[in-house]
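# Commentary on secondary and tertiary structure
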Amino acid sequence: LTSLLCLGDCQVQTPCRIQKCTTDFVSLTSYLNSALESFDLEFCKALRAYSACTYRNSKVCRGNLDYHSAVLGISDLMSQRNCSKDGPTSSTNPEVTHDPCNYSGHTEAREHQGGEKTPPPTYLFCGLFGDPHLRTFKDHFQTCKVEGAWPLIDNNYLSVQVTNVPLVPGSSATATSKITVIFKSYQDCTDQKVYQAVTDDLPAAFVDGTTSGGDGNTKSLQIVEKVSGKYVEMHARYIGTTVYIRQLGHYLTLAIRMPQELAMAYKESQDLQLCVNGCPSSERIDNSGHLPLPVMGQLLPQGGAAHPRSVYTLETATTKCHEKMLVKDIYFYSCVFDLLTTGDVNFTAAAQSALQDVEALHPRKEHWHIFPSSGDGGVGKGSEFFVGPGLVCLILVVFL
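What counts, and at which threshold
- Residues numbered from 1 in each chain as written.
- Predicted model: local features only at pLDDT ≥ 70, side-chain atom pairs only at ≥ 80, totals over all residues.
- Heavy atoms only, no water.
- Helix = DSSP H or I, 4+ residues; strand = E, 2+ residues; numbered from the N terminus.
- Buried < 20%, exposed > 50% of the residue type's maximum accessible area, 1.4 Å probe, protein only.
- Contact = heavy atoms within 4.5 Å.
- Core = buried A, V, L, I, M, F, W, Y, C linked by side-chain atoms within 4.5 Å.
- Disulfide = S-S within 2.5 Å.
- Pairing = 2+ DSSP bridges.
- Axes fitted to C-alpha atoms, helices over the stretch in contact; angles between N-to-C directions.
- Salt bridge = Lys/Arg side-chain N within 4 Å of Asp/Glu carboxyl O.
- Parallel < 35°, antiparallel > 145°, perpendicular 65-115°, else oblique.
- Left-handed = near helix turned anticlockwise from the far one by under 90°.
- Nonpolar A, V, L, I, M, F, W, Y, C, P; charged D, E, K, R; others polar.
- Expected span 1.5 Å × (residues − 1).
- Polar contact = N/O pair within 3.5 Å; in protein donor to acceptor, adjacent residues only side chain to side chain.
- pLDDT = per-residue confidence, 0-100.
- Arc of directions from axis to C-beta.

Secondary structure summary: the chain contains 11 helices and 12 strands in total. Here the chain, with 400 residues, has 44% of them falling under the buried criterion. Taking the contacts inside the chain whose residues are at least 6 apart along the sequence as the reference set, 58% of them involve residues at least 24 apart.

Moving on, we come to the nonpolar core. Counting 46 residues, the largest nonpolar core has Leu152, Val181, Phe183, Tyr195, Met234, Tyr238 and Ile245 as its most contacted members. The residues touching Tyr195, leaving out its near neighbours within four places in the chain, are Ile179, Thr180, Val181, Leu202, Pro203, Ala205, Phe206, Val207, Ile223, Val232, Met234 and Ile245.

Under the counting rule described, the total for this entry stands at seven disulfides. For Cys16, the disulfide goes to Cys61, at an S-S distance of 1.9 Å. Classification of the bridge connecting Cys16 and Cys61 rests on its S-S torsion, roughly 110 degrees, and on that basis the disulfide is right-handed. Here Cys61 lies in the loop between α3 (39–56) and α4 (65–80) and Cys16 lies in the loop between α1 (2–6) and α2 (18–29), a separation of 45 residues in the sequence.

Strand pairs in the sheet, formed through backbone hydrogen bonds, run parallel or antiparallel to each other. If you trace the four strands from one edge of the open sheet to the other, you get β4-β5-β6-β7, paired in antiparallel fashion. Each edge of the open sheet carries a strand with a single partner, namely β4 (148–154) and β7 (193–198). Taken over all neighbouring pairs, the strand axes of this sheet differ in orientation by 20 degrees on average, direction set aside. Sheet topology note: the β4/strand β5 (residues 158–166) ladder contains six bridges and is antiparallel. Looking across to β5, one finds that Ala149 is bridged to Thr163.

By the definition in use, this model includes nine salt bridges. For Arg135, the salt bridge identified is with Asp139, shortest N-O distance 3.0 Å. When sorted by exposure, Arg135 lands in the same class as Asp139, which is buried.

What follows covers the sheet that holds strand β12 (residues 251–259). Taken in spatial order, the eight strands make up an open sheet running β3-β2-β1-β12-β11-β10-β9-β8, and their pairing is antiparallel. Unpaired on one side and paired on the other, β3 (141–143) and β8 (212–213) mark the two borders of the sheet. For β8 and strand β9 (residues 221–227), the ladder comprises two bridges, and the chain directions are antiparallel. Residue Ser212 lies in a different strand from β9, and its bridge partner there is Gln222. Along the sheet, helix α10 (residues 346–361) contacts β1 (123–129), β2 (133–135), β11 (241–248) and β12; its crossing angle with β11, the most-contacted strand, is approximately 165 degrees.

It is worth spelling out the packing of helix α8 (residues 314–324) against helix α9 (residues 330–342) at this point. In contact at an axis separation of 9 Å, α8 and α9 are set at 130 degrees when each is read in the N-to-C sense. As judged from the angle between their axes, α8 and α9 are oblique. Relative to α9, the crossing made by α8 is right-handed. Across the interface between the two elements, Leu314, Ala317, Thr318, Lys320, Cys321 and His322 of α8 pack against Phe332, Cys335, Val336, Leu339 and Leu340 of α9. When grouped by side-chain class, the residues that make up the contact of α8 with α9 number eight nonpolar, two polar and one charged.

Turning our eyes to something else, we now look at α2. With 12 residues, α2 extends 17 Å from end C-alpha to end C-alpha; this agrees with the ideal 16 Å at 1.5 Å per step. Turning to α2, its buried residues are Ile18, Cys21, Asp24, Phe25, Ser27, Leu28 and Thr29.

Turning our eyes to something else, we now look at the side chain of Arg246. Within the secondary structure layout, Arg246 lies in strand β11. Since its relative accessible area comes to 14%, Arg246 is described here as buried. Of note is the side chain of Arg246, whose polar atom sits 2.7 Å from the side chain of Asp357. Ignoring anything within four residues of it in the chain, the contact list for Arg246 reads Leu202, Lys230, Tyr231, Tyr251, Leu252, Thr253, Ser353 and Asp357.

Checked against the element boundaries, His322 lands in helix α8. Separated by 13 residues in the primary sequence, His322 and Cys335 place their C-alpha atoms 9.2 Å from one another. Setting aside residues up to four positions removed in sequence, His322 forms contacts with Lys328 and Phe332.

Attention now moves to the confidence of the model for the chain. For any part of a model where pLDDT is low, the fine detail of the predicted coordinates should not be relied upon. On average, residues of the chain carry a pLDDT of 80, and 76% of them reach 70 or more. Note that residues 1–12 has pLDDT below 50 and, in this model, one contact with residues that lie over four places away or in other chains. Below pLDDT 50 for its whole length, residues 109–115 participates in 11 contacts with residues either more than four positions away or in separate chains.

Another aspect to go through is the pairing of β12. With eight of nine residues buried, β12 lies mostly within the body of the structure. Judged from the six bridges that link them, β1 and β12 form a sheet pairing that is antiparallel. Bridge pairing in β12 links Tyr123 to Pro259. Bridge analysis of β11 against β12 gives seven bridges, and the strand direction is antiparallel. Each bridged residue has a counterpart across the sheet, and for Leu248 the counterpart in β12 is Tyr251. Between the end of β11 and the start of β12, which pair antiparallel, lie two residues, with Gly249 showing a positive phi angle near 70 degrees.

Now for α8. Within the sequence span of α8, burial applies to Leu314, Ala317 and Cys321. All buried residues of α8 fall inside an arc of 70 degrees around its axis, so they share one side. Pointing more than 90 degrees away from the buried face of α8 are the exposed residues Glu315 and Glu323.

Dropping the structure here:
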């Protein structure tokens, strides 16, 4: 319609975009470090991109003072830096200036590119310790038997599998004796790396003997030994993930923090993940918060191997656990249950360190403690650990 009315005598006025050219130049150079050898090269590439932008706007910006100032400024800077007029130019996409193997920088890159502030990534926590007691990504707390090999995590970036063995003959309680972690190959950040720990063998290296993945300078994936043979940490910067593995007594514990968008990136066939969906109901030891404890003096099954039964009573187990954990949350009651079940004092340290790992890795402080007498705080209905009546049942079972 406009073209019909103008009959060829009108011209659509295109705005001068010199401000956009200047903004792009500032964005391209704001990430450069003048101390680096490549500074002049990258600065010249940005100048040539700036010059090309002003040239494309030369006709519509002829009467704009900012345009003429920019052209003169570019010429002066090119002379100062000995930049040639011909050569490669910088991309106007700022994302290329960010480290692709640093997950924490991805949000900043997207924000810079889109011009809109994006919310920080949401992180999830999962932990396994003791009998084993499982804290899922949803902050549900369960006690399971899951004897044999089970997947904790299995998504597009990471796989974690645990193997649990029976603790006491005649009891369904188990504990973790083996952990396998597979960091899957990801772009140029790392090749596939496999880590494996078993009882009395907690290495400070991957199976292939290396201690890091990716470029040797950036170390997008790295193992750090904290206590020789007892405690290692794995830091995967490229997926924003941290894994802690410990050995306490004869058994292993695990804690992991991972971005939600990556933890939930898996196929339907990968739905059996304890950290995501919890233990199958058939594998749960607790039943709506009630845990079956061994009766004191109970005889072992005929032919069963001799195993020292717990020397703890409810009172002495409670006192022992209270020495390490002042807050009577689910970690405290897990400690009591494990002492009564096994008599192994190392499970006290396992519960204590599991809570310390929560405090180090869980993103929300208000959810560190889950209390057995409450159904809130992120614990779903039916997944409370010890409710009030459950503790009464516990006392009756022990002393009857």
